[in-house]
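Here is how the chains run, residue by residue.
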Amino acid sequence: MQTALADFIRDTPEGREADAILRKCVHCGFCTATCPTYLLLGDENDGPRGRIYLMKQALEGQEITDKTRLHLDRCLTCRACETTCPSGVQYGRLLDIGRKLVEEKTARPAWERVKRRALAAVLPRRFLFAALLALGRLARPFLPERLAEKVPASTPAAGAWPALRHARKMLALAGCVQPALSPGINAAAARVLDRIGISLLEAKGAGCCGALRFHIGYQKEGLADMRALIDRWWPMIERCGVEGIVMTASGCGAVVKEYAHLLSHDLAYAAKAEKISAMTRDVCEVIDAEFGRIEPILAKGERVRLAFHPPCTLQHGQNIKGVTESVLARAGFELTSVPDSHLCCGSAGTYSILQPELAERLKKNKLTALASGEPRLIATANVGCQMHLAAGAALPVRHWIVALEERLS
Ligand code: SF4
Ligand code: SF4
């Protein structure tokens, strides 16, 4: 596609990157077929090709309207279009640049600004979020049904964290909302890795990976969260001999793997960010590589029917496909077939809060697809998807590492 970027952005790093991405797009439209919002709404501007065109117009200096913002807001950032595109268009990167521009050049209505600011203030702060969750539980009986189902009635206990006893060590991210919503995920990962011969550590005071604020229009604050996390991790990487960073939330993993790119222009952090991205693995990659160590201790017996939902941040963001499914099948689960498993469930970070109608429709479709093979359990790899699906599912929804641990004798 030919481009003529406007003077204000042409010679900036973002302008050059956006220009290179736009030039790769040949406007073929293959990506529209796998775009969840295009499939729901049938509007070209609610598909990747239309959004790319809207962003091109904005970058070329044409007027940016509320309509441009609406179509970009409706994008899930699921990046299904990116893994479909035969020309290698990095839609996700372009969207980061386009959204920043739209945020700068348009004014949101006051209520929307308040809502976004509140989300950016609360969600990345673990203790504030935990306190509000506790309050939400108390108020649950009085909340409207749609709001009440978003507040889980209880949090299952995490169980014991194994003692630090192995020479091999890896670092895990506790994250921002996961410890309050599902503290058992990292604890289960620590116990499974302990059986493999790897001790899992969490850095004290390590907070949000930055994805939350970065993706809802506060890119500067998101980058500050990333630097703060690097500052917490770096001493442990230098002094504790950790061989890798393990991610149990694929949403965080996708972003941490992009630190190298996102902080590449920051002289103080670029080298550290590059090392951290290179060290980062989703927990399925680690278990897959070490599977032989847990194989002898797997319980034999009935194969439980399980439907796996691969989060977009795993299959499109990190391009990891089939690995978790293969681990679960080798661990003795019978995986049911799930139609349209490439489509987003509607969780998408804060999307389910900011675009509730679309998110509900996507969830309904996803739950129907997941239930179609008559599983006894739904498993996924990101706490956001887990909570979103659980609010409305007739079956239990868990993180797959928790389900795997239950098969270890
Ligand atoms: S992003 Fe890729 S698939 Fe979509 S229109 Fe452009 S070249 Fe075609
Ligand atoms: S990121 Fe997802 S919702 Fe957004 S344009 Fe691409 S496929 Fe569609």
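Residues numbered from 1 in each chain as written. Chains lettered and ligands numbered in written order. Predicted model: local features only at pLDDT ≥ 70, side-chain atom pairs only at ≥ 80, totals over all residues. Heavy atoms only, no water.

### Side note on the overall build of the protein
Here's step 1: Tallying secondary structure elements over the protein gives 25 helices and eight strands in all.
Here's step 2: Over its C-alpha atoms the protein spans a radius of gyration of 21 Å, differing by no more than 12% from the 22 Å that the globule rule assigns to 409 residues.
Here's step 3: Counting only C-alpha atoms, the protein reaches 65 × 50 × 45 Å along its principal axes.
Here's step 4: Residues counted as buried form 54% of the 409 residues belonging to the protein.
Here's step 5: Here the analysis covers contacts within the protein between residues at least 6 apart in sequence; of these, 75% occur between residues at least 24 apart.
Here's step 6: Element-wise, carbon and sulfur atoms account for 55% of the exposed surface of the protein, whose accessible area totals about 18000 Å². (Helix = DSSP H or I, 4+ residues; strand = E, 2+ residues; numbered from the N terminus. Rg over C-alpha atoms; globule rule 2.2 N^0.38 Å. Buried < 20%, exposed > 50% of the residue type's maximum accessible area, 1.4 Å probe, protein only. Contact = heavy atoms within 4.5 Å. Areas by Shrake-Rupley, 256 points an atom, 1.4 Å probe, with all protein chains shown as cover.)

### Description of the site of ligand 2
Here's step 1: Neighbouring ligand 2 are 13 residues, the closest being Cys35, Arg51, Cys75, Cys78 and Cys81.
Here's step 2: Here ligand 2 occupies the second largest cavity.
Here's step 3: Every element with two or more residues in the shell around ligand 2 is listed here: helix 3 (36-41), helix 4 (48-59) and helix 6 (80-84).
Here's step 4: When its residues are assigned to classes, the shell around ligand 2 shows nine nonpolar, two polar and two charged. (Near = heavy atom within 4 Å. 1 Å grid on protein atoms, 1.4 Å probe; cavity = no way out; pocket = protein on both sides within 12 Å on 5 of 7 lines; lining within 4 Å. Sits in = over half its atoms within 2 Å of the grid points. Nonpolar A, V, L, I, M, F, W, Y, C, P; charged D, E, K, R; others polar.)

### A look at the pattern of salt bridges
Pairing is possible between side chains of opposite charge, provided their charged atoms come close.
Here's step 1: Considering all chains together, one arrives at 31 salt bridges under this definition.
Here's step 2: Note that Glu17 is salt-bridged to Arg93, the shortest N-O span being 2.8 Å. Taken together, the residues Glu17 in helix 2 (residues 13-24) and Arg93 in helix 7 (residues 91-105) connect sequence positions 76 residues apart.
Here's step 3: Through salt bridges with shared partners, a single network forms among Asp73, Glu103, Arg108, Glu112 and Arg116. (Salt bridge = Lys/Arg side-chain N within 4 Å of Asp/Glu carboxyl O.)

### Considerations on a nonpolar patch on the surface
Here's step 1: On the surface, a cluster of nonpolar side chains totalling about 390 Å² of accessible area is made up of Leu128, Leu132, Leu135 and Leu138.
Here's step 2: Relative to the helices and strands, Leu135 is located in helix 9 (residues 126-139). (Patch = residues over 30% accessible without salt bridge, like charges linked within 9 Å, V, L, I, M, F, W, Y side chains within 5 Å.)

### Considering the pairing of strand 5 (residues 305-309)
Here's step 1: Most of strand 5 is tucked away: four of the five residues are buried.
Here's step 2: Pairing analysis gives two bridges linking strand 5 to strand 6 (residues 334-335), with the strands arranged parallel. Counterpart to Arg305 in the pairing with strand 6 is Glu334.
Here's step 3: Taken together, the four bridges between strand 5 and strand 7 (residues 377-380) define a ladder with parallel strand orientation. Looking at the pairing, Phe308 lines up with Ala379 of strand 7. (Pairing = 2+ DSSP bridges.)

### What to know about unusual backbone geometry
Here's step 1: For His27, which is not a glycine, the phi torsion comes out positive at approximately 65 degrees.
Here's step 2: If you trace the backbone, His27 turns up in the loop between helix 2 and helix 3.
Here's step 3: Among the residues examined, His27 registers a relative accessible area of 33% and is labelled partly exposed.
Here's step 4: The backbone phi angle of Asn319 is positive, close to 55 degrees, even though this residue is not glycine.

### Focus: the sheet that holds strand 3 (residues 244-247)
Here's step 1: In space, the four strands of this open sheet follow the order 2-1-3-4, with parallel pairing throughout. Looking at which strands have only one partner, the edges of the open sheet turn out to be strand 2 (198-202) and strand 4 (280-282). Across the sheet, the mean angle from the axis of one strand to that of its neighbour is 40 degrees, orientation sign disregarded.
Here's step 2: Judged from the five bridges that link them, strand 1 (residues 168-172) and strand 2 form a sheet pairing that is parallel. When the bridges of strand 2 are listed, Met170 appears paired with Leu200.
Here's step 3: Those strands touched by helix 12 (residues 184-196) are strand 1, strand 2 and strand 3, and its axis lies near 150 degrees from that of strand 2. (Axes fitted to C-alpha atoms, helices over the stretch in contact; angles between N-to-C directions.)

### Points about the packing of aromatic side chains
Here's step 1: Taken as a whole, this structure holds zero aromatic pairs when the rule is applied.
Here's step 2: One cation-aromatic arrangement involves Lys105 over Phe8; the distance from NZ or CZ to the ring centre is 4.4 Å.
Here's step 3: A cation over an aromatic ring shows up here: Arg330 above the ring of Phe291, its NZ or CZ 4.6 Å from the ring centre. (Phe/Tyr/Trp six-rings, centres within 6.5 Å; stacked < 30°, edge-to-face > 60°. Lys NZ or Arg CZ within 6 Å of the ring centre and 35° of its normal.)

### So, the pairing of strand 1
Here's step 1: Across the five residues that make up strand 1, a large majority, four, are buried.
Here's step 2: Examined bridge by bridge, strand 1 and strand 3 share three bridges and lie parallel to one another. Within the sheet, the bridge partner assigned to Leu171 lies in strand 3 and is Ile245.

### A look at the site of ligand 1
Here's step 1: Close to ligand 1 lie Cys25, Val26, His27, Cys28, Gly29, Phe30, Cys31, Ile52, Cys85, Pro86, Ser87 and Val89.
Here's step 2: Comparing atom positions with the cavity grids shows ligand 1 to sit within the largest cavity.
Here's step 3: Taken together, the residues of the shell around ligand 1 break down into nine nonpolar, three polar and no charged.

### Quick look at the sheet that holds strand 8 (residues 397-399)
Here's step 1: Strand order across the open sheet formed by four strands is 6-5-7-8, with parallel pairing between neighbours. Each end of this open sheet is capped by a strand with a single partner; those strands are strand 6 and strand 8.
Here's step 2: Most of the contacts of helix 24 (residues 383-390) go to strand 8, to which it runs at about 170 degrees, and overall it touches strand 5, strand 7 and strand 8.

### A short note on the layout of surface pockets
Here's step 1: Space inside the second largest pocket adds up to approximately 450 Å³.
Here's step 2: Along the walls of the second largest pocket sit 18 residues, with Glu14, Lys100, Leu223, Leu262 and His265 positioned nearest its centre.
Here's step 3: Every element with two or more residues in the lining of the second largest pocket is listed here: helix 2, helix 7, helix 14 (219-239) and helix 16 (259-262).
Here's step 4: Class assignment for the residues of the lining of the second largest pocket results in six nonpolar, four polar and eight charged. (Points joined across faces, edges and corners; volume = space filled by probe spheres on them.)

### Some points on empty space enclosed by the protein
Here's step 1: All chains considered together, the criterion is met by three cavities of 30 Å³ or more.
Here's step 2: One number sums up the size of the largest cavity: a volume of about 110 Å³.
Here's step 3: Forming the boundary of the largest cavity are 15 residues, of which Cys25, Cys31, Ile52, Cys85 and Val89 lie nearest the centre.
Here's step 4: Within the residue set of the lining of the largest cavity, elements represented by two or more residues are helix 4 and helix 6.

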